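# Coordinate analysis (summary)
Take a look at the letters that make up each chain.
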Amino acid sequence: MANRLPVDRAGEDTWRRSPGGLVTAIAPVLQRREGAWIGWHGAPDEQLGPFDHDGMHLIPVPLSESEVELYYEGFSNATLWPLYHDVVAPPVYSRTTWEAYRTVNERFARAAAEEAAENAVVWVQDYQLQLVPAMLRKLRPDLRIGFFLHIPFPPVELFSQLPWRKEIVEGLLGADLVGFQRPGGASNFIRLCRILLGLQHQKNEIQVDDRVVRVAAFPISVDFGEFDSLVREPHIIERAKEIRAELGDPECVLLGVDRLDYTKGIGQRLKAFEELLCEGSIKAGEAAFVQIATPSRERVEEYVRLRDSIDRQVGRINGEQGELGLQPVQYMHQSYGRDELASLYLAADVMVVTPLRDGMNLVAKEYIACRNDLRGALVLSEFAGAADELRQAFMVNPYDIDGLKRMMLTAMRATPHDLSRRMRSLRRRVATYDVDRWAKEFLAALES
Ligand code: ADQ
């Protein structure tokens, strides 16, 4: 169960599978087990019966226009999202959006309670549905319930701001297994349960009345094999060359790929690049920065502000540092298909991933999966979940602009020998812990 069903409308009554890691990970598991996926189908104010797609049974949960605004854009994305990402933007605390969050979570819990067979396994995904585990347990104590949080879980000192902190923690504790991206998230949660609710724990097991709730880290990953074979196809290799030519064949192509989100540190990396140009450490024409940003949450105020600010920043860099016919930053506020994305990864000498806080960051892992030529450098923020595993990346603190500049230059100037040594080790990690393994390990832990 997730906020969204794994499909998007392709026509009035036709659907296509949505892109993205979660869908790729869970769809095969669901197909094998003949399970059902419960989630919103994406159209407000529309009632829709269950339907099948791609070997999966899909159960739409309706949301009204006002619930999309209050539960999704409001409580999920203007309260929980910034709060869980170190308060990098101020969270909005509103009783109205909280009420909507509770109502919608109750609806999801009821849908699961009606659908699940006796003793079935229910896997609840992400921050939009944190109350569901306890609500569902109350309705159906026979079920085995797992919960996975895709975003960071903050330290107690930040989480405690939330006026409904107790309700959220009690909601999560309705699960048998609560999964986080990083061990740090799991220990934040255990500490919170002790401090807020006075619950005892032994290692990673929390005692809740007569039940035990297990807490652990399951770092999510990508479909390594899919990316690895995609970039071996001639049309992808050809397109990667074409991209470099279109950029004017610079010595170095730097790339950023993100949802346009204030947690991703897009402004910081552009500032570092701008200063490098400004002070002459790199010359326009020597390096091109390509920033791809998928439009995201465009009705939430902070995102409107961010979009304006990035627009202005790119305009300034190109205006002040560019020449006729030469723009140092290529900024695309668009979504791209898998093929084009893979070609971009292959065309980029330096992949710049600098979130201020990120649950995992799949872009970093996708880049690695695409570099079977053992070339390419990954500049990675220590505040991304991926930093736990990808130790051979060029690590940065994105708040430290001087450090970021130094590391971007180091990555640009690294020797082929150093790059291939690092990339080999990074690829070993992502190839071993791919997304299939993530899903299997979570479910095995839940069922054991
Ligand atoms: P996101 O915050 O969305 O995910 P990320 O993990 O980087 O961040 O995943 C983004 C996905 O969207 C990637 O698969 C990427 O290829 C794709 N994408 C990004 N820009 C795109 C573009 N312009 N066109 C097409 N595709 C694009 C949340 C958490 C993360 C966590 C994931 C999975 O915030 O920390 O890693 O869930 O758990």
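Residues numbered from 1 in each chain as written. Predicted model: local features only at pLDDT ≥ 70, side-chain atom pairs only at ≥ 80, totals over all residues. Heavy atoms only, no water.

## A word on the overall build of the protein chain
Check the secondary structure of the protein chain and you find 16 helices and 17 strands. For the protein chain, the residues scored as buried account for 56% of the 448 residues in total. Nonlocal contacts in the protein chain, meaning residues at least 24 apart in sequence, comprise 73% of its contacts between residues at least 6 apart. Here the protein chain has roughly 18800 Å² of accessible surface; of this, 48% comes from carbon and sulfur atoms. Both charge centroids of the protein chain, one from 54 positive and one from 65 negative side chains, sit 6 Å from each other. (Helix = DSSP H or I, 4+ residues; strand = E, 2+ residues; numbered from the N terminus. Buried < 20%, exposed > 50% of the residue type's maximum accessible area, 1.4 Å probe, protein only. Contact = heavy atoms within 4.5 Å. Areas by Shrake-Rupley, 256 points an atom, 1.4 Å probe, with all protein chains shown as cover. Lys, Arg positive; Asp, Glu negative; His and termini not counted. Charge placed at Lys NZ, Arg CZ, Asp CG, Glu CD.)

## Regarding the sheet that holds strand β15 (residues 350-353)
Within a beta sheet, neighbouring strands are joined by backbone hydrogen bonds and run either parallel or antiparallel to one another. Taken together, the 6 strands give an open sheet; going across it, the order is β14-β13-β12-β15-β16-β17, and neighbouring strands pair in parallel fashion. At either margin of the open sheet sits one strand with a lone partner, and together these are β14 (329-332) and β17 (394-396). Between one strand and the next, the sheet's axes are offset by a mean angle of 20 degrees, whatever the strand orientation. Across 3 bridges, strand β16 (residues 377-381) lies against β17 in parallel orientation. Paired with leucine 380 across the two strands is methionine 395, which belongs to β17. (Pairing = 2+ DSSP bridges. Axes fitted to C-alpha atoms, helices over the stretch in contact; angles between N-to-C directions.)

## Description of the nonpolar core
The biggest cluster of nonpolar side chains holds 97 residues, and the ones touching the most others in it are Ile168, Phe189 and Leu254. When residues of this core are assigned to their parent elements, the largest contribution, 9 residues, is made by helix α3 (residues 95-115). Domain assignment of the residues forming this core places at least three in each of domain 1 (7-221 + 436-447) and domain 2 (224-432). Setting aside residues up to four positions removed in sequence, phenylalanine 189 forms contacts with Phe153, Val169, Leu172, Leu173, Phe180, Ile206 and Val215. In this structure, Ile26, Ile220, Ile292 and Met423 belong to the second largest nonpolar core, which totals 69 residues. (Core = buried A, V, L, I, M, F, W, Y, C linked by side-chain atoms within 4.5 Å. Domains from an automatic or database assignment.)

## Comments concerning the site of the ligand
Lining the immediate surroundings of the ligand are 23 residues, of which His150, Tyr336, Asp358, Met360 and Glu366 lie closest. Between histidine 150 and the ligand, the recorded distance is 2.7 Å, taken from a side-chain N or O atom to an oxygen atom. Arginine 338 is positioned such that a nitrogen or oxygen atom in its side chain is 3.2 Å from an oxygen atom of the ligand. Compared with its free state, where it exposes 720 Å², the ligand has 87% of that area covered by protein. For the shell around the ligand, the elements supplying multiple residues, two or more each, are β12 (252-259), β13 (287-294), α12 (338-347) and α13 (362-370). Of the residues that constitute the shell around the ligand, the class distribution is 10 nonpolar, 7 polar and 6 charged. Counting only domains with at least three residues in the shell around the ligand, you end up with domain 1 (7-221 + 436-447) and domain 2 (224-432). (Near = heavy atom within 4 Å. Polar contact = N/O pair within 3.5 Å; in protein donor to acceptor, adjacent residues only side chain to side chain. Nonpolar A, V, L, I, M, F, W, Y, C, P; charged D, E, K, R; others polar.)

## So, the packing of aromatic side chains
Under the criterion given, the structure shown has 23 aromatic pairs. Measuring from centroid to centroid gives 5.5 Å for tyrosine 84 and phenylalanine 153, while their planes differ by 75 degrees, and the two rings are edge-to-face. Here tyrosine 84 is found in helix α2 (residues 65-84), whereas its partner phenylalanine 153 is found in the loop between β7 (144-148) and α5 (156-159), with 69 residues between them in sequence. Their ring planes at 25 degrees and their centres at 6.1 Å tell us that tryptophan 98 and tyrosine 101 sit as a pair that is stacked. (Phe/Tyr/Trp six-rings, centres within 6.5 Å; stacked < 30°, edge-to-face > 60°.)

## Re the packing of α2 against α3
As a packed pair, α2 and α3 sit with axes 8 Å apart at the nearest point and diverge in direction by 110 degrees. Here α2 is positioned roughly perpendicular relative to α3, judged by the angle of their axes. Between α2 and α3, the contacting residues are Glu67, Leu70, Tyr71, Gly74, Phe75, Ser76, Thr79 and Leu80 on the first element and Thr96, Thr97, Trp98, Ala100, Tyr101, Thr103, Val104, Asn105, Arg107 and Phe108 on the second. (Parallel < 35°, antiparallel > 145°, perpendicular 65-115°, else oblique.)

## Brief notes about helix α7 (residues 183-197)
For the α-helix, the turn length of 3.6 residues means that residues three or four positions removed from each other point alike. With 15 residues, α7 extends 21 Å from end C-alpha to end C-alpha; this agrees with the ideal 21 Å at 1.5 Å per step. Restricting attention to buried positions, one finds in α7 the residues Gly185, Ala186, Asn188, Phe189, Ile190, Leu192 and Cys193. The inward-facing, buried residues of α7 abut α5, α6 (165-172), β8 (177-180), β9 (201-202), β10 (205-208) and β11 (211-217). Following α7 by one or two positions, glycine 198 has its phi on the positive side, about 65 degrees. (Expected span 1.5 Å × (residues − 1).)

## A look at the domain arrangement of the protein chain
It is common to give the size of an interface as the accessible area lost on bringing the parts into contact. Per the domain assignment, the segments making up the protein chain are domain 1 (7-221 + 436-447) and domain 2 (224-432). The distance between the C-alpha centroids of domain 1 and domain 2 comes to 30 Å. Contact with domain 1, which involves 26 residues of that partner, is made by 27 residues of domain 2. When the two sides are added together, the surface that domain 1 and domain 2 hide from each other amounts to roughly 2000 Å², 52% of it contributed by carbon and sulfur. For the domain 1 face of the interface with domain 2, the top three residues by lost area are Trp81, Val88 and Arg182, together amounting to 30%. Connecting domain 1 to domain 2 are 4 salt bridges. For glutamate 73, the salt bridge is made with arginine 299, and the minimal N-O distance between the two is 2.8 Å. (Buried area = accessible area lost by both parts, 1.4 Å probe. Salt bridge = Lys/Arg side-chain N within 4 Å of Asp/Glu carboxyl O.)

## A few points about the pattern of salt bridges
If charged atoms from side chains of opposite charge come close, those side chains can pair. One pass over the structure, following the stated rule, counts 40 salt bridges. Arginine 107 is the partner of glutamate 67 in a salt bridge, and the nearest nitrogen-oxygen pair spans 2.6 Å. Here arginine 107 lies in helix α3 and glutamate 67 lies in helix α2, a separation of 40 residues in the sequence. Glutamate 67 sits in the buried class, given a relative accessible area of 14%.

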